Amino acid sequence: MSDHLLSARARVMRDLEATGIATADVVSALEDAVAERRWWADQWPEGCPYVEGLVAQDVQDGLLETLGRWPLCTGCGPDATHALYIHPELGGPDPMWVCEVSGSVVAPLGALPRR
């Protein structure tokens, strides 16, 4: 279980850094999401393959309230203003960032291109 949480933290952190928003407040939001999912994973060990995508969704939801949509689509060009979402919706296994407009896979979680 802790391996999935560590992987989730690392992969989301790479995407936060790639998109240039890995500030102290944003990293705190990531840490909060990991802590909350730790309890969830303890309650449902069979759900560990879903933790990575769920942590990404939790961070995404938290940032919507403070910074706006994250991450913005990189697959539709530099001027895109629409967001990506995690697919599959339950967060895993093998979570991918998908364009909300075209439905195309843009990158695996943790592999967003630098902006």
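Summing up its helical and strand segments, the chain has three helices and three strands in all. Ordering the α and β elements of the chain from the N terminus gives α-α-α-β-β-β. Compactness check: the chain gives a C-alpha radius of gyration of 13 Å against a globular reference of 13 Å for 115 residues, within 12% of the reference. The C-alpha extent of the chain, read off along each of the three principal axes, is 40 × 30 × 20 Å. Expressed as a percentage of the 115 residues in the chain, the buried residues total 41%. Taking the contacts inside the chain whose residues are at least 6 apart along the sequence as the reference set, 53% of them involve residues at least 24 apart. Accessible surface, the chain as shown: approximately 6,200 Å² in total, 53% of it carbon and sulfur.

You can see Thr19 is positioned in the loop between α1 (2-18) and α2 (24-43). According to the relative accessible area criterion, Thr19 is buried, its value standing at 17%. Apart from residues no more than four positions distant in its own chain, Thr19 is found in contact with Trp70, Pro71 and Leu112.

Because each turn of an α-helix spans 3.6 residues, side chains separated by three or four positions end up pointing in the same direction. The first and last C-alpha atoms of α1 sit 24 Å apart over 17 residues, in line with the 24 Å expected at 1.5 Å per residue. Buried residues of α1: Leu5, Ala8, Arg11, Val12, Met13, Asp15, Leu16 and Ala18, and no others. Two residues or fewer after α1 comes Gly20, characterised by a positive phi angle close to 75°.

The contact between α1 and α2 brings their axes to 10 Å, and the two run at 155°. Here α2 runs roughly antiparallel to α1, going by the angle between their axes. Crossing geometry of α1 relative to α2 is assigned as right-handed. Residues Leu5, Arg9, Val12, Met13 and Leu16 of α1 form the contact with α2, whose own contacting residues are Val26, Val27, Leu30, Glu31, Val34, Arg37 and Arg38. Of the residues that constitute the contact of α1 with α2, the class distribution is eight nonpolar, no polar and four charged.

Applying the stated criterion across every chain yields a total of three aromatic pairs. Aromatic side chains Trp40 and Trp44 sit 5.2 Å apart centroid to centroid with 85° between the ring planes, which places their arrangement in the edge-to-face category. Geometrically, the ring pair formed by Trp44 and Tyr50 is stacked, given 5.8 Å between the ring centres and 10° between the ring planes. Its relative accessible area of 23% is what places Tyr50 among the partly exposed residues. Among the aromatic residues, those joined into a cluster by ring pairs are Trp40, Trp44 and Tyr50.

Bridge count between strand β1 (residues 84-87) and strand β2 (residues 96-99): four bridges; the pairing is antiparallel. Bridge pairing in β2 links Ile86 to Trp97. Of the pairings in the sheet, the one linking β2 to strand β3 (residues 105-108) comprises three bridges and is antiparallel in character. Bridge assignment links Trp97 to a residue of β3, and that residue is Ala107. The turn joining β2 and β3, which pair antiparallel and follow one another in sequence, is formed by five residues; a positive phi near 80° is taken by Gly103.

Thresholds, definitions, all that
- Residues numbered from 1 in each chain as written.
- Predicted model: local features only at pLDDT ≥ 70, side-chain atom pairs only at ≥ 80, totals over all residues.
- Heavy atoms only, no water.
- Helix = DSSP H or I, 4+ residues; strand = E, 2+ residues; numbered from the N terminus.
- Rg over C-alpha atoms; globule rule 2.2 N^0.38 Å.
- Buried < 20%, exposed > 50% of the residue type's maximum accessible area, 1.4 Å probe, protein only.
- Contact = heavy atoms within 4.5 Å.
- Areas by Shrake-Rupley, 256 points an atom, 1.4 Å probe, with all protein chains shown as cover.
- Expected span 1.5 Å × (residues − 1).
- Axes fitted to C-alpha atoms, helices over the stretch in contact; angles between N-to-C directions.
- Parallel < 35°, antiparallel > 145°, perpendicular 65-115°, else oblique.
- Left-handed = near helix turned anticlockwise from the far one by under 90°.
- Nonpolar A, V, L, I, M, F, W, Y, C, P; charged D, E, K, R; others polar.
- Phe/Tyr/Trp six-rings, centres within 6.5 Å; stacked < 30°, edge-to-face > 60°.
- Pairing = 2+ DSSP bridges.

Honestly, that's just the spatial picture; any functional story needs more than this.
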